[in-house]
Structures are given as C-alpha cells and as structure tokens.
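Take a look at the letters that make up each chain.
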Amino acid sequence: MATSPADRPSRSEAIVELRGVGKSYGNVRALSGVDLTVRPGRVTCVLGDNGAGKSTLIKIVSGLHQHSEGEYLIEGRPVRLSTPREALDHGIATVYQDLATVPMMPVWRNFFLGSERTRGVWPFRRLDIAEMKRVADAELRHMGIVLDDLEQPIGSLSGGQRQSVAIARAVYFGARVLILDEPTAALGVKQSGVVLKYIAAARERGLGVIFITHNPHHAYMVGDHFAVLRLGALELNAARSEVTLEELTNHMAGGAELAALKHELSQVSGVDVEELPEETELKASGTSRG
C-alpha cells in the first residue's frame, strides 16, 4: 500500500539522482554524462527525439539495465539495480506505453494483477473479490478517477483512462517515483489532458514523477524541471523558472541544427525560411506542436 506523506522525504531531498551516468553497448555509446535529480512532489520531464537516449535512461532508472559509468543514487546511497523488482522494492515504478494490462479482464482485476488479495485458509483459500473491488474503487476515486462499473473490461476504457488506472495502481502499491513512458504519445488532445491531470494528481500525492515525452507543450503544462536529451547527452537541464516554452520547443526542434537547416533551405530553394510561419518551420524540423 502507498506510504503516507509523513513517510516520504521532504521536497528538498532527492529520491533518485543520476550523476554523470553513461551507458555503452559494446562500441555504441547510448548515454554520456547524464545528470538527473528526482524529488518528491516534482515532475521531471525528459524530452528528446527517437534515438536521443530516453529509452536507455528509463531502463537504467527502472532496473532493466545497469549504468556503465557515473553514479546512480537512491536517497543518497549508490546503487546498481539488477532487476525491475529491485527498483520496485525501492519504490520506483514504471508505467510503459503498453501498460501491461489484460484487455478482457475487469478494471478491478487489472488493478490487482499479480498482487491479488485472498481470504480463507488453504485449501479453501479464494480471491477476496469484494475487498479488491472496494479498494480499487476507493483508490481510483482518491486520484479523482470515477468509473461507473469496475466490472467492465479495462480494454473498453479510453487510452487516457487506462493510463490513469495504471498511475493509480502504482501509487497504491507504494511507488515513490513514477516513470511514465510517453503516456500521451498515442492519445488525442482530450485524452492527453486526462493523463496530464493525473500526473499532476500524482505530484500532489507527493510522488516524484519522471515524465518521458517528445511533446514540449505537454511537458510544460505539468513539468517542474526539464531535461532534453540529444544523441545520448543532455542538451538542456533546467528548472521551469529558467526556461520558457519557446526555448524548450527550440531545444526539441534542434536549436543550432534548425538554424543550419534554415540556411541550407534558403540556399537551395531561394526561399527565405526566416519569413515562413513558425508552424511551418517546426514541421520542417519534424517536430509536432502536439
């Protein structure tokens, strides 16, 4: 069950910290010199295009892979996690895009999937369905998620609702750090808003949230700190007060690379790219405004 706010570190203390973390796969360097700090009640947004190193970073923090260099600290103590189970033991939970749910099972059953409650004595032990439904309903409502029927298959919910159930489940089972892997990537505007609402709710519950995304607009709506990865290295590592949405979008769009592209297009086509509308420039760089 989730720990109480009194049991959590203060917001000034880091739960998870990466110092100069790097990761190599043979001769391929996937991450280099990455610093990242995750604090309670804060949303840290990690942004970057495909191949920027976001997936590698997730795998290190969640215990799937070990870092090759630098330090990984949990509450100030260096660790080398070997499995996701170890990460969970430290209160680090990851919600992936596929959500690891069983679409045809009811919502309440998915909420307790792998951690089912039982009652009675062996060999007459059986699932405590009434208690699991009660707890699932209470926890979902505590996060502001109201579902009319917990018996409905979770696959019948919208993408935003399924993400929200996964977030509530992680909070209930004791997550202190919640890693969200591109939760809004395949969602429309309305459903993305639903997920962003519950990211904010998790922050208010005192969790440290790592929000992985390629959408600077979504990140800026809920983010307290922003880290932009490019080719495995940090291009930007700044608090919300230190960066505007325009600057964040520019870093995502490539910054200097975009300026060079403008110059090259002007040379080739004879069109002054500086005069093109901002939306056109962003599309030319392959970056969506979300």
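Everything below is about the structure printed above this text.
To keep things clear, this report deals only with the structure shown in the data block.

What counts, and at which threshold
- Position numbers for residues count from 1 along each chain, tracking the sequence in the order it is written.
- Thresholds applied to this predicted model are a pLDDT of at least 70 for local features of residues and 80 or more for the giving and counting of side-chain atom pairs; totals over whole chains, interfaces and linings are not thresholded and use all residues.
- Water and hydrogen atoms play no part in the side-chain values, which are based on all heavy atoms of the structure.
- Put simply, DSSP H or I for four residues or longer makes a helix, DSSP E for two residues or longer makes a strand, and each gets a number counted from the N terminus.
- Each residue is assigned to one of three classes by its accessible area relative to the maximum for its type, calculated with a 1.4 Å probe on protein chains only: buried under 20%, partly exposed between the two thresholds, exposed over 50%.
- Residue contacts are defined here by distance: any two heavy atoms, one from each residue, within 4.5 Å place the two residues in contact.
- A 1.4 Å probe and the Shrake-Rupley method give the accessible areas. Residues count as covered only by the protein chains that appear here.
- Axis definition: a line fit to C-alpha positions, over the contact stretch in the case of helices; interaxial angles, taken between N-to-C directions, run 0 to 180 degrees.
- Each angle receives one of four descriptions, namely roughly parallel if under 35 degrees, roughly antiparallel if over 145, roughly perpendicular if within 65 to 115, and oblique otherwise.
- Crossing handedness follows the turn of the near helix against the far one: under a right angle anticlockwise gives a left-handed crossing, and clockwise gives a right-handed one.
- Residue polarity is assigned by list, with Asp, Glu, Lys and Arg as charged and Ala, Val, Leu, Ile, Met, Phe, Trp, Tyr, Cys and Pro as nonpolar; anything else, Gly included, falls into the polar class.
- Pairing between two strands is assigned when DSSP locates at least 2 bridges connecting them.
- Aromatic pairing here means that ring centres of Phe, Tyr or Trp (its six-membered ring) are within 6.5 Å. Orientation follows from the plane angle: under 30 degrees is stacked, over 60 is edge-to-face, and everything else is tilted.
- Should the NZ of a Lys or the CZ of an Arg lie within 6 Å of a ring centre and within 35 degrees of the ring normal, that charge is described as sitting over the ring.
- Residues belong to a common nonpolar core when they are buried Ala, Val, Leu, Ile, Met, Phe, Trp, Tyr or Cys residues joined through side-chain atoms within 4.5 Å.

### Examining the overall build of the protein
Then comes step 1: Counting secondary structure elements, the protein contains 10 helices and 12 strands.
Then comes step 2: Counting only residues that meet the buried cut, the protein has 45% of its 290 residues in that class.
Then comes step 3: The long-range share in the protein, meaning contacts at least 24 apart out of those at least 6 apart in sequence, stands at 65%.
Then comes step 4: Carbon and sulfur atoms make up 52% of the accessible area of the protein, which totals about 14200 Å².

### Regarding the packing of helix 5 (residues 159-172) against helix 6 (residues 189-204)
Then comes step 1: Put simply, helix 5 and helix 6 touch, their axes get as near as 8 Å, and they point 15° apart. It follows that helix 5 is roughly parallel to helix 6 by the angle criterion. You can see that helix 5 and helix 6 cross each other, and the crossing is right-handed. Of helix 6, the residues touching helix 5 (which contributes G160, Q161, Q163, S164 and I167) are Q191, V194, V195, Y198, I199 and A202.
Then comes step 2: Taken together, the residues that form the contact of helix 5 with helix 6 break down as 6 nonpolar, 5 polar and no charged.

### Looking at the sheet that holds strand 6 (residues 92-95)
The strands making up a sheet associate through backbone hydrogen bonding, with each pair oriented either parallel or antiparallel.
Then comes step 1: The 6 strands lie next to each other as 6-9-10-3-11-12, forming an open sheet whose pairing is mixed. Only two strands of the sheet have a single partner each, and these edge strands are strand 6 and strand 12 (233-239). Across this sheet, the average inter-strand angle for adjacent strands is 15°, counted without regard to direction.
Then comes step 2: Bridging between strand 6 and strand 9 (residues 177-181) involves 4 bridges; their strand directions are parallel. The residue of strand 9 that forms the bridge with A93 is L178.
Then comes step 3: Where helix 1 (residues 54-61) meets the sheet, its contacts fall on strand 3 (42-47), strand 6, strand 9, strand 10 (208-213) and strand 11 (225-230), and the angle it forms with strand 10 comes to roughly 155°.
Then comes step 4: Across the sheet, helix 8 (residues 245-253) touches strand 3, strand 11 and strand 12, and the angle it forms with strand 11 is around 20°.

### Section: the packing of aromatic side chains
Then comes step 1: In total, this model carries 7 aromatic pairs according to the counting rule given.
Then comes step 2: For the ring pair F111 and Y172, a centre distance of 5.8 Å and an interplane angle of 45° mean the geometry is tilted. Of this pair, F111 sits in helix 3 (residues 107-111) while Y172 is found in helix 5, placing the two residues 61 residues apart along the sequence.
Then comes step 3: Owing to a relative accessible area of 0%, F111 belongs among the buried residues under this scheme.
Then comes step 4: Between the aromatic rings of Y172 and F173, the centroid separation amounts to 4.9 Å while the plane-to-plane angle is 80°, which identifies the pairing as edge-to-face.
Then comes step 5: On the basis of relative accessible area, F173 is assigned to the partly exposed category, the value being 31%.
Then comes step 6: Within the aromatic cluster, the residues linked to one another by ring pairs are F111, F112, Y172 and F173.
Then comes step 7: Across the ring face of Y25, the terminal group of K23 is positioned such that the distance to the ring centre comes to 5.1 Å.
Then comes step 8: Cation over ring: R240 sits above Y220, and NZ or CZ is 4.1 Å from the ring centre.

### Digging into the nonpolar core
Then comes step 1: L140, I167, L178 and I199 are the most contacted members of the largest nonpolar core, which totals 49 residues.
Then comes step 2: At 7 residues, helix 5 tops the list of elements feeding residues into this core.
Then comes step 3: Residue contacts for L140: discarding those within four places in its chain leaves V107, F111, I145, L147, L150, V165 and A168.
Then comes step 4: Counting residues in each nonpolar core, the second largest holds 26 residues, with V38, V46, A52 and L57 among its members.

### Section: unusual backbone geometry
Then comes step 1: For the bond running from W122 to P123, omega is 10°, close enough to zero to count as cis.
Then comes step 2: With respect to the secondary-structure elements, P123 resides in the loop between strand 7 (118-119) and strand 8 (126-127).
Then comes step 3: Even without being glycine, E182 reaches a positive phi, approximately 45°.
Then comes step 4: Topologically, E182 is positioned in the loop between strand 9 and helix 6.
Then comes step 5: Under the relative-accessibility criterion, E182 is labelled buried at 11%.

### Some remarks on the environment of H217
Then comes step 1: Relative to the assigned elements, H217 resides in helix 7 (residues 216-222).
Then comes step 2: Along the primary structure H217 and L245 are separated by 28 residues, whereas in three dimensions their C-alpha atoms are 7.2 Å apart.

### Section: the sheet that holds strand 2 (residues 28-38)
Then comes step 1: Reading across from one edge, 2-1-4-5 is the order of the 4 strands in this open sheet, with antiparallel pairing throughout. Strand pairing shows two members of the sheet lacking a second neighbour, strand 2 and strand 5 (77-78), which therefore form its edges.
Then comes step 2: Relative to strand 2, strand 1 (residues 16-25) runs antiparallel, the two sharing 7 bridges. Pairing of K23 across the sheet is with L31, part of strand 2.
Then comes step 3: Taken strand by strand, helix 1 contacts strand 1, strand 2 and strand 4 (69-74), and its axis lies near 120° from that of strand 1.

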